[in-house]
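A closer look at the structure
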2 protein chains.
Amino acid sequence: MTAETHLFWHEELPFAMSKTSPIIPSLSCTGSLTSSWVPVVWLHSTKALLQVTVEDFEVVCKGLYRALCIREKYMQKSVQRFPRTPSQYLRAIEACVPWYSPLGPVFTPPLKDGQDPFETGNLGEDLGYHVEMKDGVVYIYGDKAAVGRKEPKDLPYPCLEHFVDDMNFLLALIAQGPVKTYAHRRLKFLSSKFQVHEMLNEMEEMKELKNNPHRDFYNCRKVDTHIHAAACMNQKHLLRFIKKSYRVDADRVVYDSKGKQLTLQQLFQQLNLHPYDLTVDSLDVHAGRQTFQRFDKFNAKYNPVGASELRDLYLKTENAINGEYFATIIKEVGSDLEDAKYQYAEPRLSIYGRSAEEWHKLASWFNRHRVYSPNMKWMIQVPRIYDVFRSQKFLPHFGKMLENIFVPVFEATVNPQTHKELSVFLRHITGFDSVDDESKHSGHMFSTKSPKPEQWTSEKNPSYTYYIYYMYANILVLNNLRRQRGMNTFLFRPHCGEAGAITHLLAAFMTADNISHGLNLKKSPVLQYLYFLAQIPIAMSPLSNNSLFLEYAKNPLPDFHQKGLMVSLSTDDPMQFHFTKEPLMEEYAIAAQVFKLSTCDMCEIARNSVLQCGLSHQEKAKFLGESYQEEGPQGNDIRKTNVAQIRMAYRYETWCYELNLIAEGLKAE
Amino acid sequence: MTAETHLFWHEELPFAMSKTSPIIPSLSCTGSLTSSWVPVVWLHSTKALLQVTVEDFEVVCKGLYRALCIREKYMQKSVQRFPRTPSQYLRAIEACVPWYSPLGPVFTPPLKDGQDPFETGNLGEDLGYHVEMKDGVVYIYGDKAAVGRKEPKDLPYPCLEHFVDDMNFLLALIAQGPVKTYAHRRLKFLSSKFQVHEMLNEMEEMKELKNNPHRDFYNCRKVDTHIHAAACMNQKHLLRFIKKSYRVDADRVVYDSKGKQLTLQQLFQQLNLHPYDLTVDSLDVHAGRQTFQRFDKFNAKYNPVGASELRDLYLKTENAINGEYFATIIKEVGSDLEDAKYQYAEPRLSIYGRSAEEWHKLASWFNRHRVYSPNMKWMIQVPRIYDVFRSQKFLPHFGKMLENIFVPVFEATVNPQTHKELSVFLRHITGFDSVDDESKHSGHMFSTKSPKPEQWTSEKNPSYTYYIYYMYANILVLNNLRRQRGMNTFLFRPHCGEAGAITHLLAAFMTADNISHGLNLKKSPVLQYLYFLAQIPIAMSPLSNNSLFLEYAKNPLPDFHQKGLMVSLSTDDPMQFHFTKEPLMEEYAIAAQVFKLSTCDMCEIARNSVLQCGLSHQEKAKFLGESYQEEGPQGNDIRKTNVAQIRMAYRYETWCYELNLIAEGLKAE
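Definitions and cut-offs
- Residues numbered from 1 in each chain as written.
- Chains lettered and ligands numbered in written order.
- Predicted model: local features only at pLDDT ≥ 70, side-chain atom pairs only at ≥ 80, totals over all residues.
- Heavy atoms only, no water.
- Helix = DSSP H or I, 4+ residues; strand = E, 2+ residues; numbered from the N terminus.
- Contact = heavy atoms within 4.5 Å.
- Areas by Shrake-Rupley, 256 points an atom, 1.4 Å probe, with all protein chains shown as cover.
- Lys, Arg positive; Asp, Glu negative; His and termini not counted.
- Charge placed at Lys NZ, Arg CZ, Asp CG, Glu CD.
- Pairing = 2+ DSSP bridges.
- Least-squares fit on C-alpha atoms with pLDDT ≥ 70 in both.
- Phe/Tyr/Trp six-rings, centres within 6.5 Å; stacked < 30°, edge-to-face > 60°.
- Buried < 20%, exposed > 50% of the residue type's maximum accessible area, 1.4 Å probe, protein only.
- Lys NZ or Arg CZ within 6 Å of the ring centre and 35° of its normal.
- Buried area = accessible area lost by both parts, 1.4 Å probe.
- Salt bridge = Lys/Arg side-chain N within 4 Å of Asp/Glu carboxyl O.
- Polar contact = N/O pair within 3.5 Å; in protein donor to acceptor, adjacent residues only side chain to side chain.
- Right-handed = clockwise from strand over helix to strand, strands pointing away.

Thoughts on the overall build of chain A
- Secondary structure assignment for chain A yields 27 helices and 15 strands.
- Seen through its principal axes, chain A has C-alpha atoms that stretch 80 × 65 × 50 Å.
- Sequence-distant contacts in chain A: of pairs separated by 6 or more residues, those separated by 24 or more amount to 75%.
- Just so you have it, chain A exposes about 24,200 Å², and 50% of that area is on carbon and sulfur atoms.
- Both charge centroids of chain A, one from 76 positive and one from 76 negative side chains, sit 1 Å from each other.

Some thoughts on the sheet that holds strand E12 (residues 495-496) of chain A
Residue and element names in this part refer to chain A.
- Ordered by their spatial adjacency, four strands build an open sheet running E12-E13-E14-E15, and the pairing between neighbours is parallel. Unpaired on one side and paired on the other, E12 and strand E15 (567-569) mark the two borders of the sheet.
- The pairing of strand E13 (residues 515-517) with strand E14 (residues 538-540) spans two bridges and is parallel. When the sheet's bridge partners are listed, Ser 516 is paired in E14 with Ala 539.

Here we look at the relation of the copies chain B and chain A
- Once turned by 180 degrees and shifted 0.0 Å along the axis, chain B lies on chain A with an RMSD of 0.0 Å. Considering both components of the superposition, the chain copies are consistent with a two-fold axis. Looking at the rotation axis and the C-alpha trace of chain B, the residue lying nearest is Ile 590 of chain B, at 3.1 Å.
- Here 98% of the contact residues of chain B are again contact residues in chain A; the copies associate through an equivalent surface.

Brief notes about the packing of aromatic side chains
- Counting across every chain of the model gives 84 aromatic pairs over all chains.
- Between Tyr 74 of chain A and Phe 163 of chain A, the ring centres sit 5.6 Å apart and the planes meet at 85 degrees, which makes this aromatic pair edge-to-face. Linking Tyr 74 of chain A in helix H2 (residues 54-77) with Phe 163 of chain A in helix H5 (residues 160-175), this pair joins segments that are 89 residues apart in sequence.
- Using a relative accessible area of 1% as the deciding quantity, one classes Phe 163 of chain A as buried.
- Stacked on the ring of Phe 509 of chain A, the Lys or Arg Arg 71 of chain A has its end atom at 5.9 Å from the ring centre.
- Of note, Arg 354 of chain B hangs over the ring of Phe 394 of chain B, and the distance from its end group to the ring centre comes to 3.7 Å.

So, the interface of chain B and chain A
- Listed as interface residues are 49 residues of chain B and, on the opposing side, 48 residues of chain A.
- Summing the contributions of chain B and of chain A, the shared interface buries around 4,200 Å²; its carbon and sulfur component is 53%.
- Where chain B packs against chain A, one counts ten salt bridges.
- Salt-bridge contacts for Glu 198 of chain B lead to Arg 289 of chain A; the nearest nitrogen and oxygen are separated by 2.8 Å.
- Counting across the chain B and chain A interface gives 28 residue pairs in polar contact (both at pLDDT 80 or more).
- Among the elements that take part in the side of chain B that touches chain A, helix H23 (residues 583-594) of chain B stands out by supplying seven residues, more than any other.

Let's talk about the side chain of Ser 191 of chain B
All names here are of chain B.
- With respect to the element layout, Ser 191 can be found in helix H6 (residues 177-210).
- Judged by its relative accessible area of 11%, Ser 191 is buried.
- Excluding anything up to four places from it in sequence, Ser 191 contacts Asp 559, Gln 562 and Lys 563.

Focus on unusual backbone geometry
- Residues other than glycine seldom take positive phi values, yet Asn 272 of chain A does so here, at roughly 65 degrees.
- Tracing the backbone through its elements, the reader meets Asn 272 of chain A in the loop between helix H8 (264-270) and helix H9 (280-283).
- Unusually for a residue other than glycine, Gln 293 of chain B sits at a positive phi of about 60 degrees.
- Mapped onto the elements of the fold, Gln 293 of chain B is located in the loop between helix H9 (280-283) and helix H10 (295-300).

So, the pairing of strand E8 (residues 343-350) of chain B
Residue and element names in this part refer to chain B.
- The buried fraction of E8 amounts to seven of the eight residues, a majority that puts the element mostly inside the structure.
- As paired elements, E8 and strand E9 (residues 378-383) share three bridges and run parallel to each other. Across the sheet, Arg 348 pairs through a bridge with Met 379, a residue of E9.
- In this fold, the crossover linking E8 to E9 by way of helix H13 (residues 358-368) has right-handed handedness.

By themselves, these figures tell us nothing about what the structure is for.
Structure representation (structure tokens):
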């Protein structure tokens, strides 16, 4: 470890290793930078900066190294993403031949001209495999007999013991004093460094953008990375839709009230309402001051006029009209996005795990109403409400819930011809989300001694980590199976860190491709630093937080963004939180105003949102440039993204510098 | 003065006087309130609350009484507005017969069906009067001979000596210790009282709104009370317009460069630009972090791509194409407002006072391009840049500037047939604004010894107060003349309190119907309390302030609103500050989110904006209800405004209570 580290961008590579190792990410792209860029130059003693002893520093580096290896392993095993740059550093530390798994997630390519999104031609043949869940994880067998022989097909399966070991290691790591000190100081350093960068280069970044023809914030692509389908329209849109439906459909039978068929008119009469009189006030779906710190009250906002009947009719896929209204509203939102052209959204539809029929019903809704928009990528959200179903005796144990969630997907994957609608639907699904109020505490502590899902018969809800592990475990097997079959794979993108224990963020660090919210990274410097090092995308929704958990001005988004965490902006629930016709633009506009984001900041966040999302490789290449998979400035095409190369170089240099410190620490050893 | 004042709304009237005096505003409207309203009940010793001695209290009340009388006098003399309720209290204090001037401002009524906004049929006949300025004020004479005889027509003319006396009284008042203490405590009390009201009645207010059919925040009328015409389009709109103009008009001669005629193509070539490559970044009209506390940099943002040529071509009324592009953009903004239906705007056009021709040129532009929208009311802004013109020798003295600004308007008023275009234009003008960077300090102190405008030959700029007085003085004469003639009158609505000395706010208290900004009321409790007592409307623009003078979260808007000052929301300059297609909705949405405004708050602010603005009586009656001129809940039609009657009652009770305290203080005497 050198006592003095000079960081002259143009003169020498930013890390000592670079001279000896061939695996260092190429920085040749600096040639394309404007010569007037002022690099942030640090003439300092590394030790002084770190303020940890040499011994501690080694311990810290070991810990961080192992943590990154753990994430790398879990991502690669589950066909999710881990960036190339830290992988290369990890290999360098191990003095290994550089190696990077080329096998990333598989996304369904965009439609070709004239192609029908619901076509069933190319689904693949039925394999006739047998699918069975054991200890909460689905196994694939050649046939039923193989179950008895305990000979599942050769696929990667998860190992609970290893997972718990790794988890326990990380639990210890994030509580370790020197690691906490180190991460805290590095994060503080990252903040200050960005501020210096800004003061030195803000005008130069802006100059780059000004010289970039055609592209500005308005026409660079942005993806709403976190939005719930049932709240994807704004309140005014829903109101208009309800009124319109009444004008057209007053005499149509739309509701089944305990066997009694009701027309739309009768339904409203029963509710003592006339749609003509409805306003956004009486609709009452908007979150107000009353919902702050009250997730329960917030959930009730999904009921228009407080009537669950209207939620059933307008915002559900299963009802007397087969979810037609809901499909129509969503398609209207999709069509607005197409009109806006540069905006995309990733709405979540629910699978509850209450019955095995849910998937087929949802797929049937999706196909029947042809719920498709090129500007939408679909996700499945699984609410963590086993306790509710169990107490109502819908489920015998937690294992059954997992079965209901995953077995139909596996079956459609091995026998697509037998499950055509579901197979088509799955082609449009890009990921799984896990949702619920994180502030609810679960007494359970996940360990190897925890009951297996089939044994979890208690009415208590399992812990967040327990849920997350079993979702991850099944997605892992599923993704490997689907990749083998040439089918698209799924990303695991849970809600995480909106509230509750920081262990949630730890579980996601191990299992999730990316997360929504991440507010609680504020509370754990070690996890925050690890999320930075691994560049785990975080879909943040400051307007949602403002109504539920955290005042707008206190949102950590600008802080995370300055430090270099990979954040995107998302709306969560336009119905509850937004006022204007363009909720995503509203989200960006407010962030820009309150956090004083520059155009470069906003375009960087928009670029992050495209990288984070489930759009296909082809779409990403079109929106971000052909080399978007390269990390650092080489991967940026300013003509598409409107992100200054100076910014990209700064980010990459900063990231490599932090990764290199770990390598330095371990080299000393 | 009673030691204990009970404030049971339903049981007794909220002020002791009410039982003896017949002039007290009727509160019979309480009958229409929902019975479940919880009034804020105060069981307290008035003295304890005030924490001032009886002697001080009398002095304070005398001062506040006189201050209100001063404003009342200046408003009534100039055909501007002073509310009825404080007038009644002032008369009660004087033990006079209640008297209230029915002569308010005259607004041009809305067009009848098929009526041409530019018709010249009904302008009135030429009177042949002679118009001449003396000591900075225009006087009207029967003929030129009457000038020599010093026999101006019988109209109210301003008196400088009285004005300075009154001003000096107010200057002393706002610095007086007991008055400051009293105002400070009352304001604090108003804040806390509102918070208590909110806690008690928030849900009840919401219930009222929910039960109010058809009307919600989206379809209650809101007026953008402060917006500059040259920046009334958003940046994206301007960009689109420039690109479109180039597609259509590339070969059209559009620019005169020192006698050389340039086509649009040649102009862009000369600027080394191609419109096809332009982006909002290169357009560079948006205020960023660089403009904070830099009004100079902000002003430069009016030049697209930093080129004054493009400002001349696209954002000016006088140029080689007679301001055609500017007119077209404005009409597009007007048409967007008409589409949005519930939004109105009051754009300002500039009269500089550099030459006497400006008015006729502007009027000619207005008529030629038929710049009309039913959703726009026009205002004239006068930049305070005498010093610039004087140093460039365009003007011999300040009096000439005033002449250029006012004499043409007087001439068109006495001889409309001779000035048809200007007379038509004036029919659409509703007020005057005074604009410039208030943070620039002027050394001058206005007094009776100040040079008269004709003697002001120095290159130094007169003070804010000097400008304001002479604008007010001429508007006073003009309004009385125009009212006599049955013509519409003008409101004086200067920018005031955005920055600079608090004396600005004092001058406006005396002269202005309402103001824009008012941020500095934060700094003077006495003025803030007087603005509350007189309910002077304040058009606030927190997004503009956020880019120029004050961070969003620190904006006093929510504080003023809680205390009961009459605030509205406005955009100031959508081109520089806003991101979305609906700047006014963006302004409301961000305020709602960051300040956590309730629907009732937002609708109250929207209602304030309609009251403040220059829309005609007929339009206000249509938008707010027939009784909108009544104060208190009687003047509110919830079906139109969506403001809860509970809120209105609270506001009115609170206002009367404060006014009554003054009456009580003087009664003791």
